[in-house]
Amino acid sequence: PPPDPTTELDFVISVPEGRPIRVLQLTDTQIIDAGQTRPGRDGVYYDFWATNKREERCDQYVRETINATNPDLILITGDIIYGEFDDNGSVWLDFIAFMESFQIPWAPIFGNHDNESAMGVDWQCQQLENAEYCVFEQKDLTGNGNYSVGIVQDNVLKRAFYMLDSNGCGN
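Residues numbered from 1 in each chain as written. Predicted model: local features only at pLDDT ≥ 70, side-chain atom pairs only at ≥ 80, totals over all residues. Heavy atoms only, no water.

A.B. asks: Is there a simple way to think about the state of the cysteines in this case?
C.D. replies: Each disulfide consists of one covalent bond between the sulfur atoms belonging to two cysteines. What the rule picks out here adds up to zero disulfides. The cysteine C134 is free of any disulfide, with C125 supplying the nearest cysteine sulfur at 9.8 Å. Of the residues examined, C134 reaches a relative accessible area of 7% and is grouped as buried. (Disulfide = S-S within 2.5 Å. Buried < 20%, exposed > 50% of the residue type's maximum accessible area, 1.4 Å probe, protein only.)

A.B. asks: Sorry, what's going on with the packing of aromatic side chains here?
C.D. replies: What characterises a pair of aromatic rings is the spacing of the ring centres plus the angle enclosed by the ring planes. Within this structure, the stated rule accounts for eight aromatic pairs. Among the aromatic residues, ring-to-ring pairing joins F11, W92, F110, F136 and Y147 into one connected group. (Phe/Tyr/Trp six-rings, centres within 6.5 Å; stacked < 30°, edge-to-face > 60°.)

A.B. asks: Just checking my understanding: could you explain the sheet that holds strand β5 (residues 147-153) for this structure?
C.D. replies: The pairing of strands in a sheet happens through backbone hydrogen bonds and is either parallel or antiparallel. As summarised here, the arrangement of the three strands in space is β1-β5-β6, forming an open sheet in which the pairing is mixed. Among the strands making up the open sheet, the edge pair consists of β1 (11-15) and β6 (156-163). With strand direction ignored, the average angle separating the axes of adjacent strands in the sheet is 20 degrees. The pairing of β5 with β6 spans seven bridges and is classified as antiparallel. The partner of Q153 across the bridge, within β6, is V156. (Pairing = 2+ DSSP bridges. Helix = DSSP H or I, 4+ residues; strand = E, 2+ residues; numbered from the N terminus. Axes fitted to C-alpha atoms, helices over the stretch in contact; angles between N-to-C directions.)

A.B. asks: Help me understand the packing of helix α2 (residues 90-100) against helix α3 (residues 121-130) in this model?
C.D. replies: For any two helices packed against each other, one specifies the inter-axial angle together with the distance between the axes. The geometry of α2 relative to α3 is characterised by a closest axis approach of 10 Å and an angle of 15 degrees between their N-to-C directions. As the angle between them shows, α2 and α3 are arranged roughly parallel. When you trace α2 past α3, the crossing you get is right-handed. Residue-level contacts link W92, L93 and I96 of α2 to W123, Q124, Q127 and L128 of α3. (Parallel < 35°, antiparallel > 145°, perpendicular 65-115°, else oblique. Left-handed = near helix turned anticlockwise from the far one by under 90°. Contact = heavy atoms within 4.5 Å.)

A.B. asks: Please explain the nonpolar core as it appears in this structure.
C.D. replies: Most often, soluble globular proteins keep nonpolar side chains buried together rather than apart. Of all hydrophobic cores here, the largest spans 40 residues; its most connected members are L73, M99 and W106. Those residues within four positions of M99 in sequence are excluded, and the remaining contacts are I66, I74, I76 and W106. (Core = buried A, V, L, I, M, F, W, Y, C linked by side-chain atoms within 4.5 Å.)

A.B. asks: Which parts of the structure should I look at to understand the pairing of strand β4 (residues 106-109)?
C.D. replies: On a regular strand, one side chain projects to one face of the sheet and the next to the other, so that they alternate. Residues W106 and P108 point to one face of β4 and A107 and I109 to the other, with burial holding for every one of them. Here strand β3 (residues 73-77) runs beside β4; their pairing, made up of four bridges, is parallel. Within β4, the position partnered with L75 by the bridge is A107. Read from β3 through α2 to β4, the crossover connection turns out right-handed. (Right-handed = clockwise from strand over helix to strand, strands pointing away.)

A.B. asks: So what exactly am I meant to see when it comes to the side chain of T29 here?
C.D. replies: Residue placement: T29 occurs in the loop between β2 (23-26) and α1 (54-69). A relative accessible area of 18% means that T29 is categorised as buried. If we ignore the near neighbours within four places in the chain, the residues touching T29 are C58, D79 and I80.

A.B. asks: Honestly, the pattern of salt bridges in this entry has me stumped. Any pointers?
C.D. replies: Side chains that differ in charge, positive against negative, can pair when their charged atoms come close. In the structure shown here, the tally under the stated rule is three salt bridges. In this structure, the salt-bridge partner of K139 is E137, at a minimum N-O distance of 3.8 Å. (Salt bridge = Lys/Arg side-chain N within 4 Å of Asp/Glu carboxyl O.)

A.B. asks: I keep staring at the environment of G145 and nothing clicks. Help me out?
C.D. replies: Relative to the assigned elements, G145 resides in the loop between α3 and β5. On the basis of relative accessible area, G145 is assigned to the buried category, the value being 0%. Dropping the residues within four chain positions of it, G145 is found in contact with I109, F136, E137, K139, M163 and D165.

A.B. asks: I'm lost on the sheet that holds β3 in this one. Help?
C.D. replies: Read across the sheet, three strands follow the order β2-β3-β4 without closing on themselves; strand pairing throughout is parallel. Of all strands in the sheet, those bounded by a partner on one side alone are β2 and β4. Pairs of neighbouring strands in the sheet enclose a mean axial angle of 15 degrees, with direction left out of account.

Right under this line is the structure:
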């Protein structure tokens, strides 16, 4: 028999037979908490990015899209948060809880702003790894993600995604 290609993948998502596979990609939500602005930061529209407006500016659109598409897997391709506006980690934790509420596998990868939080990228990675529906693994490679996710249907690998970290800004 031919080798099983799924043995080379970090994560495998099984999709029931007889229906189309649905993958949703979200990117660049860049969620911030304007109340956590670092001293000297100019050009922040505090009213627009106010924490109490996150539902109407971001969450409702993500929720509507997820509910309309009913995906088997959600790929989040970077800049989930703008890390320098989340030095206490609350925006990161809120986003994880929000994504977990859908009870759908989700695979995030860091963009160039996620890792700017004072909480540090190791802490951020640990929070992702601890989430029940999040498929993520911090690796010892360059970057912080660099993992693979496959979709299997009828015991056949139908899709493979390679999540590659951008190595962030600055450090």
